[in-house]
Amino acid sequence: MSKRVICKEDVCIGCHLCEINCITAHSSYPHDIWKAFKLQKERPIARVLVEEKGETSFALSCRQCREPECVKSCLTGALRIDPVSGVVVLAQERCIGCWTCIVSCPYGAIRPSGGKRMVAAKCDLCQGIREVPACVAGCPNDALELADGREE
Amino acid sequence: MINHLIIGNSAAAIGGVEGIRRSDRENPITLIAEEPYPCYSRPLISYYLEGKVAENEMGYRGADFYAANRVEARLGVRAQRIDPDRQEVILETGEVLPYDRLLIATGSRPVTPPIKGIEKKGVFFFNKLDYARALRQYVSPGSRCAVIGGGLTGLKAAEALVHLGARVLVTDISSCLLSSILDPAGAEIVKRHLAGSGIGFQLGVPVVELAGDSRVEGLIFADGGSKAVDAVIVATGVRPNLEVVSDTGVDVGQGIIVDNQLQTNLPGIFAAGDVSEGWDIVLQQRRVIANLPNAYRQGETAGRNMAGEKVVYPGGVALNSVSFFGLAIATAGISNSEDAGVEAVRYLKEAEKIYRRLNFREGRLVGYICIGEISRVGILTALIKSRTPLADKRQGLLKGDFGLVDLPEEVRLSWRWERGELTWRF
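Residues numbered from 1 in each chain as written. Chains lettered and ligands numbered in written order. Predicted model: local features only at pLDDT ≥ 70, side-chain atom pairs only at ≥ 80, totals over all residues. Heavy atoms only, no water.

### Details of the UniProt feature "domain: FAD/NAD(P)-binding" (unreviewed entry) in chain B
With numbering matched to this structure, UniProt assigns "domain: FAD/NAD(P)-binding" (unreviewed entry) to residues 4-299 of chain B. Summarising residues 4-299 of chain B: 22% helix, 28% strand, and an end-to-end C-alpha distance of 13 Å. (UniProt positions renumbered as here; feature names shortened; annotations may be inferred. Helix = DSSP H or I, 4+ residues; strand = E, 2+ residues; numbered from the N terminus.)

Written as structure tokens, this is what we have:
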């Protein structure tokens, strides 16, 4: 069963560092914020999004749903559940940017990638990039945690 | 032993296989398909036509799909008819296949409009790979191509043909493009965008005849006008492939009538996808919902029930997402209705090609059109599907950067879709 990043809303202060760390982790310089923002030509989009209104703020990323609307709706088969990790993974090279996943995700957690070849982008739990997702590792307030997907 | 038999090889059929295999790893599955290809993504044919995607990149599932799911795939053979009494499917070759559970996922095919000369050489439909292949042979840079039908299929074909260097004219009986999903304001934006990308239009006048000897050479319109062309693509809608159930006792309306477990009136026979007439959550009635997400979900539900689970599909909604030359268009549910009782809230930035229209009925969101800005619209789709009461929150949802934080607090805090929508309902 997949893990997922969850946000403790009462602790999140809306600092947006999770977005910064996500962008960095998915850049060509995953361990260097300065290089990621200053040297990279096409800056990746943050796959985590901070929502704010008044005192309410929370970071939202893919819920790694057990019954993922995006996977079931994907026109090309680019989205699937990884049978080993349970993570909802996107094969970007197979994505055509039709946005059916964006129209289907009840959380609004999939976004266009930006850049020359616009495809979908979503949280991959930093698989293959780092052990603990960058957003979780860098949250100054411990508002984000990597939780067991069984928890609802 | 239970014999699972599936007729079809597209989204609904693949959903059926994956649905069966969720709980049944043992019993054999046989799949029969008319086309000789392993399952491919039909929406990719326009990308194939324009050369963006190669034929070997079109797989809807990986090359090992049939083996991994222990499916015996009989590709390139047509299922002729069903004999429900003997629980058999008879193939065109005369071969007879027995079944215990049958899934009919035969899909739909293009409507042939009443146009004289439509059988001429150089006239193509655009719903499967073979047509895209043939078009690629037939059309070359500078070819004059006419697309009859300004719906999603026709416009995707038109876009691909422009990329191939063809000169493209789109015609439609309606004066609106995408008239089944857009309103005039939305259609105008799309038309302006497509015209700016090099597509010509002749709208509101039907084509009555295709001129030429054996090969198409021109369009003749109802008002007497004409236009010289080298090729014609016909995309005037689809209808279900129902031949396989004729004279079988399977109940048919517009499509094969199914209950909320995707079962037909005959025990052991299921139907899913474009061929079926299932429940529409928004309209609260049965109808054919021809879109891929619905086809997959119906197929998966049918498969699970074939394997002995008892799973209910709450129903589908009209749902479309498409981009033309970079302009994103998303619609869902009741998108363009001017009916009394549907209250529309709109946001239009014409110069930027941004349009958002939300339709409410009895305090619930029942549909939308989003053009240009489609970020996070899945939240709107979920509001429609869950029939969430929303009386006071309309303006917040109209913003381009709306989010979960704009939902009523009690809705936001109970927003749980991880296990599928059945566990979550207002």
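### A closer look at the domain arrangement of chain B
Residues and elements named next belong to chain B. Under the domain assignment used here, chain B contains domain 1 (4-109 + 239-307), domain 2 (123-234) and domain 3 (326-422). Between domain 1 and domain 2, the C-alpha centre-to-centre distance is 30 Å. Counting from both sides, the interface comprises 15 residues of domain 1 and, opposite them, 16 residues of domain 2. Carbon and sulfur atoms make up 62% of the area that domain 1 and domain 2 hide from each other, which totals about 1,500 Å². The largest share of the area that domain 1 buries against domain 2 comes from Ile45, Leu49 and Glu50, three residues that together contribute 42% of it. Counting every contact that joins domain 1 to domain 2 gives one salt bridge. (Domains from an automatic or database assignment. Contact = heavy atoms within 4.5 Å. Buried area = accessible area lost by both parts, 1.4 Å probe. Salt bridge = Lys/Arg side-chain N within 4 Å of Asp/Glu carboxyl O.)

### Brief notes about the interface of chain A and chain B
Every contact between the two is made by 35 residues of chain A and, on the other side, 45 residues of chain B. Of the roughly 3,300 Å² buried where chain A meets chain B, counting both sides, 52% is carbon and sulfur surface. The largest per-residue losses of area from chain A upon contact with chain B belong to Lys72(A), Val103(A) and Tyr107(A), which jointly make up 20% of the total buried on that side. With a closest N to O distance of 2.6 Å, Arg376(B) and Glu51(A) form a salt bridge. Our enumeration of links across chain A and chain B arrives at 24 residue pairs in polar contact (both at pLDDT 80 or more). Breaking the side of chain A that touches chain B down by element, the ones donating at least two residues are strand E2 (49-53), strand E3 (56-60), helix H3 (69-73) and helix H4 (100-104) of chain A. (Polar contact = N/O pair within 3.5 Å; in protein donor to acceptor, adjacent residues only side chain to side chain.)

### Digging into unusual backbone geometry
Even without being a glycine, Trp99(A) presents a positive backbone phi close to 70°. With respect to the helices and strands, the residue Trp99(A) is situated in the loop between strand E5 (88-90) and H4. A positive phi angle is found at Gln87(B), which is not glycine, with a value near 50°. The residue Gln87(B) is located in the loop between strand E4 (79-83) and strand E5 (88-91) in this model.

### Details of the nonpolar core
The biggest cluster of nonpolar side chains holds 99 residues, and the ones touching the most others in it are Ile82(B), Val89(B) and Ile104(B). When sequence neighbours within four positions are dropped, the list of residues in contact with Ile104(B) reads Ile7(B), Ile82(B), Val244(B), Val245(B), Ile256(B), Ile269(B), Phe270(B), Ala271(B), Ala272(B) and Val275(B). Judged by nonpolar contacts, the second largest core, of 54 residues, contains Leu60(A), Val119(A), Tyr368(B) and Leu380(B). (Core = buried A, V, L, I, M, F, W, Y, C linked by side-chain atoms within 4.5 Å. Buried < 20%, exposed > 50% of the residue type's maximum accessible area, 1.4 Å probe, protein only.)

### Examining the packing of helix H1 (residues 11-23) of chain B against helix H7 (residues 292-306) of chain B
Residues and elements named next belong to chain B. Orientation of H1 relative to H7, taken along the N-to-C sense of each, is 35°, at an axis distance of 6 Å. For the pair H1 and H7, the sense of crossing is right-handed. On the side of H1, the interface is formed by Ala11, Ala12, Ile14, Gly15, Gly16, Glu18, Gly19, Ile20 and Arg22, while H7 contributes Leu292, Ala295, Tyr296, Gly299, Glu300, Gly303, Arg304 and Met306. Class assignment of the residues belonging to the contact of H1 with H7 gives a composition of eight nonpolar, five polar and four charged. (Axes fitted to C-alpha atoms, helices over the stretch in contact; angles between N-to-C directions. Left-handed = near helix turned anticlockwise from the far one by under 90°. Nonpolar A, V, L, I, M, F, W, Y, C, P; charged D, E, K, R; others polar.)

### Things to note about the pairing of strand E26 (residues 364-371) of chain B
Residues and elements named next belong to chain B. In terms of residue burial, E26 counts as a mostly covered element, since seven of its eight residues are buried. Looking at chain direction, strand E23 (residues 327-333) and E26 are connected through five bridges and run antiparallel. Paired with Thr331 across the strands is Ile369, a residue of E26. As paired elements, strand E25 (residues 354-361) and E26 share seven bridges and run antiparallel to each other. Note that in E26 the partner of Tyr355 across the bridge is Ile371. Taking the residues that link successive antiparallel strands as the turn, the E25-E26 hairpin has two residues, and the phi of Glu362 there is positive, at about 50°. (Pairing = 2+ DSSP bridges.)

### Let's talk about the sheet that holds strand E14 (residues 218-221) of chain B
Residue and element names in this part refer to chain B. Spatial ordering of the open sheet is given by E13-E14-E15, a layout of three strands whose pairing is antiparallel. If you trace the sheet from one side to the other, it starts and ends with strand E13 (207-211) and strand E15 (226-228), each paired once. Shown here is a sheet whose adjacent strand axes are inclined to one another by a mean of 20°, direction ignored.

### Brief notes about the pattern of salt bridges
Residues and elements named next belong to chain B. As enumerated under the stated definition, the model contains 31 salt bridges over all chains in all. Notably, a salt bridge pairs Arg78 with Glu34, separated by 3.5 Å at the nearest N-O pair. Here Arg78, found in the loop between strand E3 (71-75) and E4, pairs with Glu34, found in the loop between strand E2 (29-33) and helix H2 (45-49); they are 44 residues apart in sequence, far enough to count as distant. Owing to a relative accessible area of 30%, Arg78 belongs among the partly exposed residues under this scheme. Of the charged contacts, one joins Asp183 and Arg357 as a salt bridge, the two residues approaching to 2.9 Å between their closest N and O atoms.

### Some details on the pairing of strand E12 (residues 199-203) of chain B
All names here are of chain B. Only one face of E12 is buried: it carries Ile199, Phe201 and Leu203, and the other face, with Gly200 and Gln202, is open. Sheet analysis places strand E11 (residues 167-172) next to E12, joined by five bridges and oriented parallel. Bridge pairing in E12 links Thr171 to Gln202.

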